[in-house]
Each structure stands twice: as structure tokens, then as C-alpha cells.
Amino acid sequence: MKERNKRMSKKRKNNNYYMYSQNQSGYRDEPASKKDKLLLFYFPIYLIAFFIIDSLPLTHYIIECPLDSYISFNQYMVIPYAIWYIWVPGWILYFMSKSGKEFRRLAIVMFSGMTVSLIIYLIFPNGINLREPITGTDICSKAVQLIRHFDTPYGVCPSIHIATITAIMLSIKDSRLPDITSTVEGYCMVITLLIGYSTMGIKQHSIVDIVCGVLLSFIIYYMYNYFTRKKAGK
């Protein structure tokens, strides 16, 4: 009888371990709550602030780097550049529908980076002088002309374009959602690098803007993780 009870106890332990392991590998989380979704109201506030700052009669410091001259203008880079306009909202909606925790992390890191960038544009107005006249008449050349019409060469460092995709890539890298496999992560890294390079390929940004955008998101991301773990007592 004792031997039988011992075997049953061992079996229960094994079953508990299996369930624990299954739970660990099959990570699940609740979608973002209504309260979490309120973070999205930041977007219209950001856009209004961005265009107000952009319209102010400020004296801009020109951002430049010798390495910029080694990157030739390529109108076809407008294709990965334009992916950004789908990439950012797409990942925000994905995390929002899958994980409240991971959505909050992405939103707070991304929006904090955008806010810091706006403050820098205001107290340290900056711009680029890299854009040359576009002579091509193909659809990609016209697309670049359209982007330049709405996106002035001011308020460039740090690059919000780069800060946002860096925040997304860091969130993908650290995500515990089962859909995000190492293969998905690899494809996302390639797309992130293409979008990043495209900002220089169509002369929207200097290398300095890119580096500052990446560093900004890294700093905010790891600060967020540090204070979140500290709050949780880990």
C-alpha cells in the first residue's frame, strides 16, 4: 500500500511538472483592456504637437555626417520607407489584440520616445541639408516628392521613424507570445533594417539621426524594464 501511494505521489508530481512546463511554453495573456487602449489617444496629441513645432519660426542646427555622402540617393528605397506606415500600426494592433502587458510596454516605450523627440526638436531645433532636386519621373521618384511635400527637412534628430521601429523590434525580440518564433523574429529584423536604411536612401535622415533614434529607444526600453521589475520586486 505504501509503495502504491508513493507511485501515485510521484505520478502527481510528474503531472504537475508537465502542466507547469506546458504553461511556461504556451504563454498566454489577456488582450489589452479598455484602459490600456486609451494610450492610443496619444497619437492625435503627438501629431498636433509635431506640426505646431514644425511650423514655428526657429533657427535650425543642421545635422550632418561625412558618412552621409557615401550613401547615394535611391528612389526605390521609398518602398521599404513606406512600409513603416503599415508596420507601426500593424504591430500596435497585434500586441493590443494578444497581450495587454506587451502592448503597454510597446506603447509606453514608443510614445515616450516620440515625446522626448518632440522636446528635443523644440529646445534644440535641427534639420538636414541632404535633399537634392529629384529629376526622375517614375512612380518611386514621384512618391519621394510627395513625402517631401508633407515631411519637411526639420525635426529630424533623433529620428522618430527609427525610434518607433527600434521599439517594435525590441518588443518582438523579448515577446513571449507563441506566434513570434525565431523565424518571425529574423524576418522582422530584415524588414527593420530595410526601413532604417531607406530613411537614408531617400535622404530623409542623416546617419546621426539614425544612431540617436536607436539609442533613444534602447535607453527608454531598458529603463521601462528596470522600473517594471523593481516595482514587481524582482
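Throughout what follows, the structure given in this document is the object of discussion. (Residues numbered from 1 in each chain as written. Predicted model: local features only at pLDDT ≥ 70, side-chain atom pairs only at ≥ 80, totals over all residues. Heavy atoms only, no water.)

**Quick word on the overall build of the protein**
Phase 1: Scanning the protein from N- to C-terminus turns up nine helices and two strands.
Phase 2: Counting all 234 residues of the protein, 40% fall into the buried class.
Phase 3: In the protein, of all internal contacts separated by at least 6 residues, the share reaching a separation of at least 24 is 89%. (Helix = DSSP H or I, 4+ residues; strand = E, 2+ residues; numbered from the N terminus. Buried < 20%, exposed > 50% of the residue type's maximum accessible area, 1.4 Å probe, protein only. Contact = heavy atoms within 4.5 Å.)

**Notes on the nonpolar core**
Phase 1: One finds Trp91, Phe95, Met110, Ile168 and Ile172 to be the most contacted residues of the largest nonpolar core, which totals 42 residues.
Phase 2: Breaking this core down by element, the ones donating at least two residues are helix 3 (42-55), helix 4 (78-98), helix 5 (100-123), helix 7 (160-174), helix 8 (182-201) and helix 9 (207-232).
Phase 3: In this view, Ile172 contacts Trp91, Phe95, Ile180, Glu185 and Cys188; residues no more than four positions away in its chain are not counted.
Phase 4: Core analysis: the next-biggest nonpolar cluster, separate from the first, contains eight residues, Val78, Cys140, Val144 and Ile147 among them. (Core = buried A, V, L, I, M, F, W, Y, C linked by side-chain atoms within 4.5 Å.)

**What about the side chain of Gln204?**
Phase 1: Tracing the backbone shows Gln204 in the loop between helix 8 and helix 9.
Phase 2: Here Gln204 falls in the buried class, since its relative accessible area comes to 1%.
Phase 3: In terms of polar contacts, Gln204 uses its side chain to reach the side chain of Asp151, at 3.0 Å.
Phase 4: Apart from residues lying up to four places away in sequence, Gln204 is in contact with Tyr81, Ile128, Arg131, Ile147, Arg148, Asp151, Val156 and Thr199. (Polar contact = N/O pair within 3.5 Å; in protein donor to acceptor, adjacent residues only side chain to side chain.)

**Examining the packing of helix 5 against helix 9**
Phase 1: Where helix 5 contacts helix 9, the two axes come as close as 9 Å, and the packing angle between them is 135 degrees. By the angle class used here, helix 5 and helix 9 are oblique. In this structure, the crossing between helix 5 and helix 9 has a hand that is right-handed. Residue-level contacts link Arg104, Arg105, Ile108, Val109, Ser112, Gly113, Val116 and Ser117 of helix 5 to Leu216, Ser217, Ile220, Tyr221, Tyr224 and Asn225 of helix 9. (Axes fitted to C-alpha atoms, helices over the stretch in contact; angles between N-to-C directions. Parallel < 35°, antiparallel > 145°, perpendicular 65-115°, else oblique. Left-handed = near helix turned anticlockwise from the far one by under 90°.)

**So, the packing of aromatic side chains**
Phase 1: Within the structure shown, the criterion is met by 15 aromatic pairs.
Phase 2: Here the aromatic rings of Tyr42 and Phe111 are separated by 4.8 Å at their centres, their planes lie at 20 degrees, and the arrangement is stacked. With Tyr42 in helix 3 and Phe111 in helix 5, this residue pair connects regions lying 69 residues apart in the sequence. Both residues of the pair, Tyr42 and Phe111, count as buried.
Phase 3: Seen in terms of ring centroids, Trp91 and Tyr94 are 5.3 Å apart; in terms of plane orientation they differ by 80 degrees. Their pairing is edge-to-face. With Trp91 and Tyr94 both in helix 4, this residue pair falls three residues apart, about one helical turn. The pair Trp91 / Tyr94 is uniform in exposure class, with both members buried.
Phase 4: One aromatic cluster is present, formed by Tyr42, Phe43, Tyr46, Phe50, Phe51 and Phe111 through successive ring pairs. (Phe/Tyr/Trp six-rings, centres within 6.5 Å; stacked < 30°, edge-to-face > 60°.)

**Regarding the side chain of Ser206**
Phase 1: For Ser206, the location among the structural elements is in the loop between helix 8 and helix 9.
Phase 2: Judged by relative accessible area, which is 0%, Ser206 ranks as buried.
Phase 3: A polar side-chain atom of Ser206 sits 2.7 Å from a polar atom in the side chain of Asp68.
Phase 4: Non-local contacts of Ser206, meaning those with residues more than four positions away in its chain, are made with Ile63, Glu64, Cys65, Asp68, Ile128 and Leu130.

**Remarks on the pattern of salt bridges**
Opposite charge on two side chains makes pairing possible when the charged atoms of those side chains draw close.
Phase 1: Taken as a whole, this structure holds three salt bridges when the rule is applied.
Phase 2: Across the pair Asp179 and Lys98 runs a salt bridge whose closest N-O atoms are separated by 3.3 Å. Within this pair, whereas Asp179 is found in the loop between helix 7 and helix 8, its partner Lys98 is found in helix 4, the two being separated by 81 residues in sequence.
Phase 3: For Asp179, a relative accessible area of 41% gives the class partly exposed.
Phase 4: On the basis of relative accessible area, Lys98 is assigned to the partly exposed category, the value being 35%.
Phase 5: A salt bridge links Lys173 to Asp174; the shortest N-O distance between them is 3.6 Å. (Salt bridge = Lys/Arg side-chain N within 4 Å of Asp/Glu carboxyl O.)

**So, unusual backbone geometry**
Phase 1: Following Cys157, the chain continues into Pro158 via a peptide bond in cis, with omega recorded as 5 degrees.
Phase 2: Checked against the element boundaries, Pro158 lands in the loop between helix 6 (139-150) and helix 7.
Phase 3: You will see that Lys203, though not glycine, has its phi angle at about 65 degrees, which is positive.
Phase 4: Within the secondary structure layout, Lys203 lies in the loop between helix 8 and helix 9.

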